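Now for the letters of each chain:
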Amino acid sequence: RALFADYAAELADPEQRRLYEEEVAALERERGVEVRFVHPEAGYVLRTSQAGSRRCYLNVCSNPHVGAPQARAEPGGHRWALPYSLAPGREELGRGGRRRLVYDVVFHPAALRLAACSARFRRLLSDTALEAVERHCAVQLDRANAAVLRGTKYKGVPQAPVIRTPLPGGAPPPPAAG
């Protein structure tokens, strides 16, 4: 039990987390891949259910590593490109020990700024987040009853997914044996 408590304390220490991320980035660089950790910054939370029975939350977050939103003029309006990063869903314990599913959908900070200024853009961002979770996690969400939780910016414990990009030239050749 004490060993687990030490491990949990180590994970919560920002300095240890920074060292861990540096080590992972160095190992991935050796394999020819650049790694960037996407630390989600709180935005707003959508509450819905999965498969009609299981409560779940979508944290709509931001991070500057994600591509900025781009609008393209079209007859009758604009077509938006909204890049996002999506980590796999995770199960967490809520109040009273009830299990809940939590998904983090991370957009560029400019997308959340636009959503704060425009109800239509917020709806577009929310619909994009719901669609992203359904498509990439192969789940069915209750879109009709999805609601923004007022006064809540984030549910659960933040986790940083990574963006992997191949480095030019790929992985260096392995050292010669001998």
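Structure: see above.
Please read these numbers as outputs of a predicted model, since none were measured by experiment. (Residues numbered from 1 in each chain as written. Predicted model: local features only at pLDDT ≥ 70, side-chain atom pairs only at ≥ 80, totals over all residues. Heavy atoms only, no water.)

(A) The arrangement of the packing of helix α3 (residues 109-117) against helix α4 (residues 119-137) in detail. Running from N to C, α3 and α4 cross one another at 130°; their axes reach a closest spacing of 5 Å. It follows from the interaxial angle that α3 and α4 lie oblique. Regarding α3 and α4, the two cross each other, and that crossing is left-handed. From α3, Ala 111, Leu 112, Leu 114, Ala 115 and Cys 117 reach across to α4, where they touch Ala 119, Phe 121, Arg 122 and Leu 125. Within the contact of α3 with α4, the residues separate by chemical class into eight nonpolar, no polar and one charged. (Axes fitted to C-alpha atoms, helices over the stretch in contact; angles between N-to-C directions. Helix = DSSP H or I, 4+ residues; strand = E, 2+ residues; numbered from the N terminus. Parallel < 35°, antiparallel > 145°, perpendicular 65-115°, else oblique. Left-handed = near helix turned anticlockwise from the far one by under 90°. Contact = heavy atoms within 4.5 Å. Nonpolar A, V, L, I, M, F, W, Y, C, P; charged D, E, K, R; others polar.)

(B) Summary view of the pairing of strand β8 (residues 99-107). Judged by how many residues are buried, β8 sits mostly within the fold: eight of nine residues are covered. Pairing analysis gives seven bridges linking strand β3 (residues 54-62) to β8, with the strands arranged parallel. For Ser 62, the partnering residue across the bridge sits in β8 and is Phe 107. As paired strands, strand β6 (residues 85-86) and β8 are joined by two bridges and run antiparallel to one another. In the sheet register, Leu 86 faces β8, and the bridge partner there is Val 105. Both strand β7 (residues 90-93) and β8 contribute to a ladder of four bridges, which runs antiparallel. Across the sheet, Glu 91 pairs through a bridge with Leu 101, a residue of β8. (Buried < 20%, exposed > 50% of the residue type's maximum accessible area, 1.4 Å probe, protein only. Pairing = 2+ DSSP bridges.)

(C) Spotlight on α3. Every buried residue belonging to α3 is among Pro 109, Ala 110, Ala 111, Leu 112 and Ala 115, and all of these are buried. Tucked into the core, α3 has its buried residues touching β2 (41-50), β3, β8 and α4.

(D) View of the pattern of salt bridges. Per the stated rule, a full pass over the model turns up 13 salt bridges. Linking Glu 22 and Arg 18 is a salt bridge whose minimum nitrogen-to-oxygen distance equals 2.3 Å. Linking Glu 22 with Arg 18, this pair stays in helix α2 (residues 14-30), spanning four residues, or about one helical turn. With a relative accessible area of 37%, Arg 18 lands in the partly exposed category. The closest approach of N and O atoms between Glu 91 and Arg 54, which form a salt bridge, is 2.0 Å. Within this pair, whereas Glu 91 is found in strand β7, its partner Arg 54 is found in strand β3, the two being separated by 37 residues in sequence. Look at Glu 91 and you get partly exposed, because its relative accessible area is 40%. One connected set of salt bridges, linked through shared partners, spans Glu 15, Arg 18 and Glu 22. (Salt bridge = Lys/Arg side-chain N within 4 Å of Asp/Glu carboxyl O.)

(E) Main features of α4. With 19 residues, α4 extends 27 Å between its outermost C-alpha atoms, agreeing within 8% with the 27 Å of an ideal straight helix rising 1.5 Å per residue. Listed as buried for α4 are Phe 121, Leu 125, Ser 126, Thr 128, Ala 129, Leu 130, Ala 132, Val 133 and Glu 134. Just downstream of α4 lies Ala 138, where phi reads positive at about 55°. (Expected span 1.5 Å × (residues − 1).)

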